[in-house]
Amino acid sequence: MAERKYTLEMVGEMLREAGTLIIVFAPLYQLFEPYTPRWGIVVAIVILGVAAFVAGIKIERKRRA
């Protein structure tokens, strides 16, 4: 039987996955779409993705401690 997942663990996983998707797809969107926002906005979105990724890691580590 699988181990029961706690809320913080699921939130941490969600933030890590969302951060990863943002980090990967925001620059690709900027490169391949004809009418996109300026690079400054894309960089800000990628920084937000990195923050979500790091927050997810910290939340999971906090739960395990």
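Fair warning: this is a prediction, and the values are worked out from it, not measured in the lab.

Procedures and definitions
- Residues numbered from 1 in each chain as written.
- Predicted model: local features only at pLDDT ≥ 70, side-chain atom pairs only at ≥ 80, totals over all residues.
- Heavy atoms only, no water.
- Helix = DSSP H or I, 4+ residues; strand = E, 2+ residues; numbered from the N terminus.
- Rg over C-alpha atoms; globule rule 2.2 N^0.38 Å.
- Buried < 20%, exposed > 50% of the residue type's maximum accessible area, 1.4 Å probe, protein only.
- Contact = heavy atoms within 4.5 Å.
- Areas by Shrake-Rupley, 256 points an atom, 1.4 Å probe, with all protein chains shown as cover.
- Lys, Arg positive; Asp, Glu negative; His and termini not counted.
- Charge placed at Lys NZ, Arg CZ, Asp CG, Glu CD.
- Salt bridge = Lys/Arg side-chain N within 4 Å of Asp/Glu carboxyl O.
- Expected span 1.5 Å × (residues − 1).
- Bend = angle between axes of the 7 residues up to and from the residue.

Asker: In this structure, what is going on with the overall build of the chain? I would like to understand it.
Answerer: A tally of regular secondary structure across the chain gives 2 helices and 0 strands. Relative to the globule expectation of 11 Å for 65 residues, the C-alpha radius of gyration of the chain, 15 Å, shows a markedly less compact shape. By residue count, 18% of the 65 residues in the chain fall in the buried class. Long-range pairs, those at least 24 residues apart, make up 62% of the contacts in the chain between residues at least 6 apart in sequence. For the chain, the computed accessible surface area is about 5,200 Å², with 68% contributed by carbon and sulfur atoms. When the 9 basic and 6 acidic side-chain charges of the chain are each reduced to a single mean position, those positions are 8 Å apart.

Asker: Could you clarify how one ought to interpret the environment of Glu 9 in this entry?
Answerer: Position of Glu 9 relative to the elements: it lies in helix α1 (residues 7-32). Distance in space between the C-alpha atoms of Glu 9 and Glu 60 is 5.4 Å, their sequence separation being 51 residues.

Asker: Quick question: what am I supposed to make of the environment of Tyr 29 here?
Answerer: Structurally, the position occupied by Tyr 29 is in helix α1. Judged by its relative accessible area of 44%, Tyr 29 is partly exposed. Tyr 29 sits 15 residues away from Ala 44 along the chain, and the two C-alpha atoms are 14 Å apart. Each residue touching Tyr 29, except ones within four places of it in the same chain, is listed here: Tyr 35, Thr 36 and Pro 37.

Asker: I keep staring at the pattern of salt bridges and nothing clicks. Help me out?
Answerer: By the definition in use, this model includes 1 salt bridge. Measuring nitrogen to oxygen at the nearest pair gives 2.9 Å for the salt bridge that ties Glu 60 to Arg 16. Highlighted residues: Glu 60 in helix α2 (residues 39-64) and Arg 16 in helix α1, separated in sequence by 44 residues. Relative accessible area serves as the criterion here: at 10%, Glu 60 is assigned to the buried category. Classification of Arg 16 by relative accessible area gives partly exposed; the value is 29%.

Asker: How should I be thinking about the environment of Thr 7 in this particular structure?
Answerer: Relative to the elements of secondary structure, Thr 7 occurs in helix α1. Judged by relative accessible area, Thr 7 falls into the exposed class, the value being 58%. Residues Thr 7 and Gly 40, spaced 33 residues apart in sequence, show a C-alpha to C-alpha distance of 34 Å.

Asker: Help me understand α1, please; the structure alone is not making it clear to me.
Answerer: For an α-helix, 3.6 residues make a turn, and residues three or four places apart therefore share a direction. Here α1 spans 37 Å end to end across 26 residues, near enough to the 38 Å set by a 1.5 Å rise per residue. Of all the bends in α1, the greatest, near 25°, is centred on Phe 25, and the proline Pro 27 appears no more than four residues after it. Considered for burial, the residues of α1 that qualify are Glu 9, Gly 12, Glu 13, Gly 19, Ala 26 and Gln 30.

Any link to function would need more than the numbers given here.
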